[in-house]
Amino acid sequence: MLSVKDLRSRYGRIEALHGVDLEVKSGEIVTVVGANGAGKTTLLRCLSGVQPASAGSIVFRGDDVTRVAAHRRVGLGLAQSPEGRQIFTTLSVEDNLRLGAFLHDDPRVEQDMDEAFALFPILRQKRRQLAGGLSGGQQQMLAIARALMTRPSCLLLDEPSLGLAPILVAQVLDVVKSLKSLGVTLLLVEQNAFAALNIADRGYVMETGRITISGEAEELIADPRVREAYLGI
Amino acid sequence: MYEFLQFVSSGMTVGAVYALVALGFTLIYNASDVVNFAQGEFVMLGGMTTVFLYDAGTPLWLAAVLAVMITATVGVLLNKLAVEPARGASVVSLIIITIGASIFLRGVAQIVFDKQIHRFPAFTGEDPITVAGAAILPQSLWVLMGGAAIFGVLYLFFTRSVIGKAVLATANNRLAAKLVGINTTAMMTLSFGLSAAVGALAGVLATPITLTSYDVGGGLALKGFAAAMLGSMGVPAGALVGGLLLGLIEAMTAGYISSDYKDAAAFIVILTVLFVMPRGLFGRAVAERV
Ligand SMILES: Nc1ncnc2c1ncn2[C@@H]1O[C@H](COP(=O)(O)OP(=O)(O)O)[C@@H](O)[C@H]1O
Ligand SMILES: [Mg+2]
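Asks: Just to check I follow, could you spell out the overall build of chain A for this structure?
Replies: A count of helices and strands for chain A gives 10 helices and 10 strands. Its C-alpha atoms give chain A principal-axis dimensions of about 45 × 40 × 30 Å. Burial status across chain A gives 55% buried among its 233 residues. When contacts within chain A are restricted to residue pairs at least 6 apart in sequence, those whose partners lie at least 24 apart make up 66%. In chain A, 26 side chains carry a positive charge and 27 a negative one; their mean positions are 4 Å apart.

Next comes the structure, spelled out in structure tokens:
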């Protein structure tokens, strides 16, 4: 599905990714965990094309997309719910979702919206309100729902649990898990390593722009290095 | 009383032109954060192109349509050749780029057209209509109705069409817009084209009353900018109110005091409003935009 080789990226002169290799297979939930500043967001920004890769390659469903414009990658089926939610605050909840379907102009959009509302019923109640007025948790749900409206085959999720109350974290991660059964492949980035590894099939540990450990999720949960550094055990 | 009505009608007519220029500022500002001081040149190009096509024998309506299309193309080129390559430059640099572009456009107009003052005939006759004792030019009604129609069409465009909403989404959050598949560069191009077309339409509507020449753009840009600031930069309703208010203040000052003071009076009012409400009359809407 998604194959990343020796990916490098820089902010000005400072390199933030020093050659990342990563593989996501169809139907998997893969997570990238790591401390704040490790480069997780930079990695997802490169994958979506909103940040240039300075070297390496990104292959998505057989196409080399390393130099493909961001909006075209969405059309190929690669979507992202970005860090900090980034919803359209001045537009209504419903317009946010409709813009998620910007590339689709067919009757299925209504159906997709119903499915999004089924995943997050609160959004149906608030559909006519300005998105900027939603609570943090609701905004996170909207960001995920909007990304789903693009009809992704692979969804990148950047810290969907950040800043949410524990009960909402569980709820959001439950939905993430349920997306798998809808046939969406997921790449989940989290600081909350334990929660992420719990729902993932495989995981990568990222430190200062490099992948340092990778493996099956259970292996990582059991790995003493991961337990010490990220699980606080 | 009829005198007052007279001043209101002339103030509204000029104000509608200012409002359209302010709307042009707003369209570009929202999409790209650029304050485009070449906005007045679009009005000039709309008027002057119509004049020259009309004088060359083109029917007036066709000359006007062509002028709007040509000016929209100039707007798109301005974005592609001058603004887009400077993406990421500071606000001041971008303003200087647009001022440079306006000087360039004025220079080109001087060569392609000439340095004379021009007009073309009013759309539906030159004889004033008398309303409640005030004499109103039929063309004034064209300006007012045309201005209202442009605001109305754009309102529908931004609230009803997916493309319009995509422009708003690009203005609100460019990153998120890209992540839902919106080609944000194309949205900027569209905004520049729309803004130039709105400016050109203002020129087409107003030229029979205000006359035009290669150098009318600078003054109009200043007035439109002032109107946009008065109403809050980036808010279409603010552009409308700011423009009409500015036109009315000018007309009243010119009518009751002296036309020597009309610019000064307008700017005193603007400075006072901005002193009390630094974000302009519709400032809260601006805060929401961020
Ligand atoms: N816009 C930016 N400009 C400069 N440096 C940045 C920028 N964004 C992130 N960085 C740097 O890149 C590194 C990786 O950041 P990031 O990808 O946000 O990490 P994470 O998402 O894992 O917390 C950090 O050292 C951070 O300081
Ligand atoms: Mg991050």
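So that's the structure; there's more coming.
Asks: Help me understand the pattern of salt bridges, please; the structure alone is not making it clear to me.
Replies: Working definition: two side chains of opposite charge can pair if their charged atoms are close together. All names here are of chain B. Counted by the stated rule, this structure contains 21 salt bridges over all chains. As a salt-bridge pair, Glu 84 and Lys 80 come within 3.3 Å of each other at their nearest N and O atoms. Given a relative accessible area of 22%, Glu 84 falls into the partly exposed group. A relative accessible area of 35% places Lys 80 in the partly exposed class.

Asks: Please clarify how the environment of Thr90(A) should be interpreted in this entry.
Replies: Residue placement: Thr90(A) occurs in the loop between strand 6 (78–81) and helix 3 (93–100). Judged by relative accessible area, which is 27%, Thr90(A) ranks as partly exposed. Between the alpha carbons of Thr90(A) and Gln129(A) there is a distance of 9.7 Å; along the sequence they are 39 residues apart. Within the local environment of Thr90(A), its side chain forms a polar contact with the side chain of Asn172(B), the two groups lying 3.4 Å apart.

Asks: Help me out: how do you make sense of the coordination of the magnesium ion (ligand 2) in this one?
Replies: Six octahedral donors around a metal ideally sit at 90 or 180 degrees from one another, while four tetrahedral donors ideally sit at 109.5 degrees. Residue and element names in this part refer to chain A. For the magnesium ion (ligand 2), every protein donor is listed as Thr 41 (OG1) and Glu 83 (OE), and the spread of their distances is 2.0 to 2.2 Å. Note that Thr 41 is positioned in helix 1 (residues 40–48) and Glu 83 in the loop between strand 6 and helix 3, a separation of 42 residues in sequence. By relative accessible area, which is 32% here, Glu 83 ends up partly exposed.

Asks: Honestly, the pairing of strand 9 (residues 202–207) of chain A in this entry has me stumped. Any pointers?
Replies: Side-chain direction in a regular strand flips from residue to residue, so the side chains alternate between the two faces of the sheet. Residue and element names in this part refer to chain A. Most of strand 9 sits inside the fold, with 5 of its 6 residues counted as buried. Here strand 9 pairs with strand 10 (residues 210–216) via 6 bridges, running antiparallel. Bridged to Glu 207 within strand 10 is Arg 210. The turn joining strand 9 and strand 10, which pair antiparallel and follow one another in sequence, is formed by 2 residues; a positive phi near 35° is taken by Thr 208.

Asks: Would you mind showing me how to read the sheet that holds strand 2 (residues 14–24) of chain A here?
Replies: Backbone hydrogen bonds are what pair the strands of a sheet, in a parallel or an antiparallel way. All names here are of chain A. Pairing is antiparallel in the open sheet, where 4 strands are placed in the order 2-1-4-5. Each edge of the open sheet is held by one strand with a lone partner, namely strand 2 and strand 5 (63–64). In this structure, strand 1 (residues 2–11) lies alongside strand 4 (residues 55–60), joined through 5 bridges in antiparallel fashion. Across the sheet, Val 4 pairs through a bridge with Ile 58, a residue of strand 4. Contacts between helix 1 and the sheet are confined to strand 1, strand 2 and strand 4, with strand 1 contributing the most and set at about 110° to the helix.

Asks: Teacher, can you tell me more about the interface of chain A and chain B here?
Replies: Interface size is often expressed as the accessible area that is lost when the parts come together. Opposite the 21 residues of chain A that make contact, chain B presents 21 residues. Counting the contacts that link chain A with chain B gives 1 salt bridge. With a shortest N-O distance of 2.8 Å, Lys165(B) and Asp95(A) are connected by a salt bridge. Here chain A is connected to chain B by 4 residue pairs in polar contact (both at pLDDT 80 or more). Counting residues per element, the ones that place at least two in the side of chain A that touches chain B are helix 1, helix 2 (70–76) and helix 3 of chain A. Classifying every residue of the side of chain A that touches chain B gives 10 nonpolar, 8 polar and 3 charged.

Asks: For this particular structure, what's the right way to read the packing of aromatic side chains?
Replies: Any aromatic ring pair is given by two values, namely how distant the centres are and how the planes are angled relative to each other. As enumerated under the stated definition, the model contains 7 aromatic pairs over all chains in all. Seen in terms of ring centroids, Phe25(B) and Phe225(B) are 5.8 Å apart; in terms of plane orientation they differ by 55°. Their pairing is tilted. With a gap of 200 residues between them, Phe25(B) in helix 1 (residues 2–32) and Phe225(B) in helix 9 (residues 217–231) connect regions that are remote in the sequence. Residue Phe25(B) is classed as buried on the basis of its relative accessible area of 0%. With relative accessibility at 23%, the residue Phe225(B) sits in the partly exposed group. Ring centres 4.9 Å apart and planes at 50° place the aromatic pair Phe37(B) and Phe225(B) in the tilted group. One end of the pair, Phe37(B), is in the loop between helix 1 and helix 2 (39–55); the other, Phe225(B), is in helix 9, and 188 residues separate them in sequence. The class of Phe37(B) is buried, set by a relative accessible area of 16%. Ring-pair connections join several aromatic residues into one group, and the members of that group are Phe25(B), Phe37(B) and Phe225(B). Here the guanidinium or amino end of Arg146(A) rests over the ring plane of Phe88(A), the centre of that ring lying 4.8 Å away.

Asks: Would you explain the pairing of strand 4 of chain A in this entry?
Replies: Where strand 4 of chain A lies against strand 5 of chain A, 2 bridges are found, and the strand directions are antiparallel. When the bridges of strand 5 of chain A are listed, Val59(A) appears paired with Asp64(A).

Asks: Sorry, what's going on with the site of ligand 1 here?
Replies: All names here are of chain A. In the region of ligand 1, the neighbouring residues are Tyr 11, Ala 16, Ala 35, Asn 36, Gly 37, Ala 38, Gly 39, Lys 40, Thr 41 and Thr 42. Measuring from an oxygen atom of ligand 1, one finds a side-chain N or O atom of Thr 42 at 2.5 Å. Surface burial for ligand 1 is 56%, taken as the share of its 550 Å² of free accessible area covered by protein chains. When the residues that make up the shell around ligand 1 are grouped by side-chain class, the tally is 4 nonpolar, 5 polar and 1 charged.

Asks: What should I look at first to understand helix 4 (residues 91–112) of chain B in this one?
Replies: For an α-helix the count is 3.6 residues per turn, leaving residues at separations of three or four pointing the same way. Residue and element names in this part refer to chain B. Its 22 residues give helix 4 an end-to-end C-alpha distance of 31 Å, which sits within 8% of 32 Å, the value for a rise of 1.5 Å per residue. Restricting attention to buried positions, one finds in helix 4 the residues Leu 94, Thr 98, Ala 101, Ser 102, Leu 105 and Ala 109. When helix 4 is viewed along its axis, its buried side chains cluster within an angular range of 105° and face the same direction. Every exposed residue of helix 4 that faces more than 90 degrees away from the buried side is listed here: Val 92, Ile 96, Ile 103, Phe 104 and Ile 111. Buried positions along helix 4 lie against helix 2 and helix 3 (60–83).

Asks: Can you walk me through unusual backbone geometry in this structure?
Replies: Trans is the prevailing form of peptide bonds, just as negative phi is the prevailing case for residues other than glycine. All names here are of chain A. One non-glycine residue, Arg 61, lies in positive phi territory at about 45°. The topology assignment puts Arg 61 in the loop between strand 4 and strand 5. Within the chain, Arg 85 stands out as a residue other than glycine whose phi angle is a positive 70°. Residue position: Arg 85 is located in the loop between strand 6 and helix 3.

What counts and what doesn't
Residues numbered from 1 in each chain as written. Chains lettered and ligands numbered in written order. Predicted model: local features only at pLDDT ≥ 70, side-chain atom pairs only at ≥ 80, totals over all residues. Heavy atoms only, no water. Helix = DSSP H or I, 4+ residues; strand = E, 2+ residues; numbered from the N terminus. Buried < 20%, exposed > 50% of the residue type's maximum accessible area, 1.4 Å probe, protein only. Contact = heavy atoms within 4.5 Å. Lys, Arg positive; Asp, Glu negative; His and termini not counted. Charge placed at Lys NZ, Arg CZ, Asp CG, Glu CD. Salt bridge = Lys/Arg side-chain N within 4 Å of Asp/Glu carboxyl O. Polar contact = N/O pair within 3.5 Å; in protein donor to acceptor, adjacent residues only side chain to side chain. Donors = N, O, S within 2.8 Å, 3.2 Å for Na, K, Ca; no water. Pairing = 2+ DSSP bridges. Axes fitted to C-alpha atoms, helices over the stretch in contact; angles between N-to-C directions. Nonpolar A, V, L, I, M, F, W, Y, C, P; charged D, E, K, R; others polar. Phe/Tyr/Trp six-rings, centres within 6.5 Å; stacked < 30°, edge-to-face > 60°. Lys NZ or Arg CZ within 6 Å of the ring centre and 35° of its normal. Near = heavy atom within 4 Å. Areas by Shrake-Rupley, 256 points an atom, 1.4 Å probe, with all protein chains shown as cover. Expected span 1.5 Å × (residues − 1). Arc of directions from axis to C-beta.

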